[in-house]
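Secondary and tertiary structure notes
One letter stands for each residue in the lines below.
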Amino acid sequence: MNEFIQLQDQITKEFKTVDSANQANHFKSKFIGKNGILTELLNQLKHLDAESKKKHGYEINKLKNLVTSLYSSFNENLDQSESIQTDYSIPVYVNKGSLHPLTLAIKQIHEIMQNFGFMYELGPSVEDTYYNFDALNIDHNHPSRDAKETFFTANNVLRTHTTAVQIRALESQKYTNNFRVYSIGDVYRRDDDATHLPMFHQIEGFVIDEEASIATLKYFLLNFLRKFFENDNISIRLRPGYFPFTEPSVEVDVKFENGKWLEILGAGIIRKNILSSYGHKNGFAFGIGLERITMIKFGINNMRNFVTNDYPWLQNYSSRR
Ligand code: DAH
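Here the structure is a predicted model, which means the values were calculated and not measured. (Residues numbered from 1 in each chain as written. Predicted model: local features only at pLDDT ≥ 70, side-chain atom pairs only at ≥ 80, totals over all residues. Heavy atoms only, no water.)

**Section: helix α10 (residues 290-298)**
Basically, it comes down to this: When a residue's accessible area, from a 1.4 Å probe over protein chains only, is under 20% of the maximum for its type it is buried; when over 50% it is exposed; and in between it is partly exposed. Strands here are runs of E lasting at least two residues and helices are runs of H or I lasting at least four, both read from the DSSP assignment and numbered beginning at the N terminus. Contacts are residue-level and defined by heavy atoms, with any inter-residue pair within 4.5 Å sufficient.
Most of α10 is tucked away, with seven of its nine residues classed as buried. Every buried residue of α10 is accounted for by Leu290, Glu291, Ile293, Thr294, Met295, Lys297 and Phe298. Its buried side turned inward, α10 meets α5 (101-115), β5 (199-208), α8 (214-228), β8 (261-270), β9 (283-289) and α11 (305-308).

**Some remarks on unusual backbone geometry**
Both trends apply: most residues other than glycine have a negative phi, and most peptide bonds are in trans. Cis geometry marks the peptide bond from Glu247 to Pro248, where omega comes out at -5 degrees. Mapped onto the elements of the fold, Pro248 is located in strand β7 (residues 246-255). Despite not being glycine, Asn177 shows a phi value in the positive range, around 55 degrees. In this fold, Asn177 is placed in the loop between α7 (164-172) and β4 (179-188).

**What about the domain arrangement of the chain?**
Quick note on the threshold: Segmentation into domains, and thus their bounds, comes from an automatic or database assignment.
Partitioning the chain into domains gives domain 1 (2-85) and domain 2 (102-320). Once you take the C-alpha centre of each, domain 1 and domain 2 turn out to be 75 Å apart.

**Describing the site of the ligand**
To keep things clear, this is the line we draw: We call a residue near a molecule or strand when any one of its heavy atoms sits within 4 Å of it. In protein, a polar contact requires one atom able to donate a hydrogen and another able to accept it; more generally it is a pair of N or O atoms within 3.5 Å, and residues adjacent in sequence count only if both atoms are side-chain atoms. For accessible areas, the Shrake-Rupley method is used with a probe of radius 1.4 Å. Any residue's cover is judged against the shown protein chains and nothing else. Amino acid classes used here: Ala, Val, Leu, Ile, Met, Phe, Trp, Tyr, Cys and Pro are nonpolar; Asp, Glu, Lys and Arg are charged; the rest, including Gly, are polar.
Near the ligand, the surroundings consist of 15 residues, among which His161, Thr163, Arg189, Gln202 and Glu204 are the closest. Take Arg189: an N or O atom from its side chain is 2.8 Å from an oxygen atom of the ligand. Coverage of the ligand by the protein chains reaches 89% of its 350 Å² of free accessible surface. Mapped by element, the contributors of at least two residues to the shell around the ligand are β5, β8 and β9. Residue composition of the shell around the ligand, by class: five nonpolar, eight polar and two charged.

**Concerning the nonpolar core**
To be explicit about the condition: Note on terminology: a nonpolar core comprises buried Ala, Val, Leu, Ile, Met, Phe, Trp, Tyr and Cys residues joined through side-chain atoms within 4.5 Å.
Core analysis: the largest hydrophobic core is formed by 44 residues, its most contacted members being Ile109, Leu221, Phe224, Leu265 and Phe286. With seven residues, α8 is the largest single contributor of residues to this core. Of all hydrophobic cores here, the second largest spans 21 residues; its members include Leu136, Phe179, Ile208 and Ile274.

**Topic: the pairing of β7**
Two faces make up the sheet, and in a regular strand the side chains alternate between them. What counts, and what does not: By definition, two strands form a pair when at least two bridges between them are found by DSSP.
With seven of its 10 residues buried, β7 lies for the most part within the structure. When strand β6 (residues 235-243) meets β7, the two strands line up antiparallel, connected through eight bridges. Counterpart to Gly241 in the pairing with β7 is Ser249. What sits between the antiparallel neighbours β6 and β7 is a turn of two residues. Sheet topology note: the β7/β8 ladder contains eight bridges and is antiparallel. Looking at the pairing, Glu251 lines up with Gly266 of β8. Taking the residues between adjacent antiparallel strands as the criterion, β7 and β8 are bridged by five residues, where Gly259 takes a positive phi near 85 degrees.

**Structural notes on the packing of helix α1 (residues 2-16) against helix α2 (residues 21-32)**
For any two helices packed against each other, the geometry is given by the interaxial angle and the distance between the axes. Selection criterion: Between N-to-C directions, angles cover 0 to 180 degrees, with each direction set by a line fitted to C-alpha atoms, over the stretch in contact for helices. If an angle is under 35 degrees, it is roughly parallel; if it is over 145, roughly antiparallel; if it lies from 65 to 115, roughly perpendicular; otherwise it is oblique. Take the far helix as your reference; a near helix turned counterclockwise from it by less than a right angle gives a left-handed crossing, and one turned clockwise gives a right-handed crossing.
Put simply, α1 and α2 touch, their axes get as near as 10 Å, and they point 165 degrees apart. Regarding the angle of α1 to α2, the classification is roughly antiparallel. Judged by the sense of rotation from one axis to the other, the crossing of α1 with α2 is right-handed. Contacts from Leu7, Gln10, Ile11, Glu14 and Phe15 of α1 reach α2 at Phe27, Lys30 and Phe31. Its residues assigned to classes, the contact of α1 with α2 shows five nonpolar, one polar and two charged.

**A closer look at the pattern of salt bridges**
Formally: By definition, a salt bridge exists where a carboxyl oxygen of Asp or Glu is found within 4 Å of a side-chain nitrogen of Lys or Arg.
Counted under the stated rule, the structure contains 13 salt bridges. For Asp146, the salt bridge is made with Lys148, and the minimal N-O distance between the two is 3.9 Å. In this structure, the salt-bridge partner of Arg237 is Asp253, at a minimum N-O distance of 2.9 Å. In this pair, Arg237 is assigned in strand β6 and Asp253 in strand β7, connecting sequence segments 16 residues apart. Judged by relative accessible area, which is 31%, Arg237 ranks as partly exposed. Residue classification places Asp253 among the buried positions, given a relative accessible area of 2%.

**As for the environment of Gly299**
Topologically, Gly299 is positioned in the loop between α10 and α11. According to the relative accessible area criterion, Gly299 is exposed, its value standing at 56%. In the structure, Gly299 is positioned 237 residues away from Lys62 in sequence and 76 Å away in space, judged by C-alpha atoms.

Shown next, in the form of structure tokens:
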């Protein structure tokens, strides 16, 4: 029995000197490894009579458990102390991700529109042809209904414009009296060249108001664009245009300090036949290409940059809000 008390002493003493993972392994194998002290003692048991075998076996196993638990307590402490160690010599990792310029623009537009009292509506990307075309007076012969222009699915269409959201919002009857609704989302057309992507984004907005007119539309757009471009010196000009869902329709150009006019959006007074179906009398609407205004805002000259995911290019926008 004395032998076991001595061994226990030896185990605890030796464990106190262990201070590295290596030493801990050494400690463990010294006692319970293949040729370890306790392993050897266990092998010797077969030479003993039944009673001693039982007693010794019990003591040896107690010591084995002691070694195992000391060994694992050492490793647990090691894990913890390693996890809070800091290596100050490692260079700071500066390549954090940043927001995509389109995301930056979208965030800003949400802010502006909500400050102007607009309610947000999402609308589906895969749209019923009724909302994308029919309800907007786009008849069956319209070129945008050609499969060469537009992506059709079995029964639906990848929406060609966010104007479809106008119909969904009106039909829902969620909004009454005077109200303002906007949407920002992905739209799809069979265009793929230097200045067109098959998927791009639009901002659609409309205002239902008895007072709505080309004048209030122009006033709103000018304020929206001044906020978006963070420039109070821009001016806008309205030219006559045509859209099946507005009458009159206008194309809107913007002019910056350099004096050049750039076409950026379509707008107009919502046609009476659309409004009256949902019990409204008067309103204006507008649709803006998100990529277009984002390119102007950030001075981006290649639309493809938006989708090539070039990391250094994306980093150019990391300091924007
Ligand atoms: N949906 C049109 C387009 O994709 C843009 C547009 C024009 C939207 C006039 C409108 C609008 O709401 O009134 O080209």
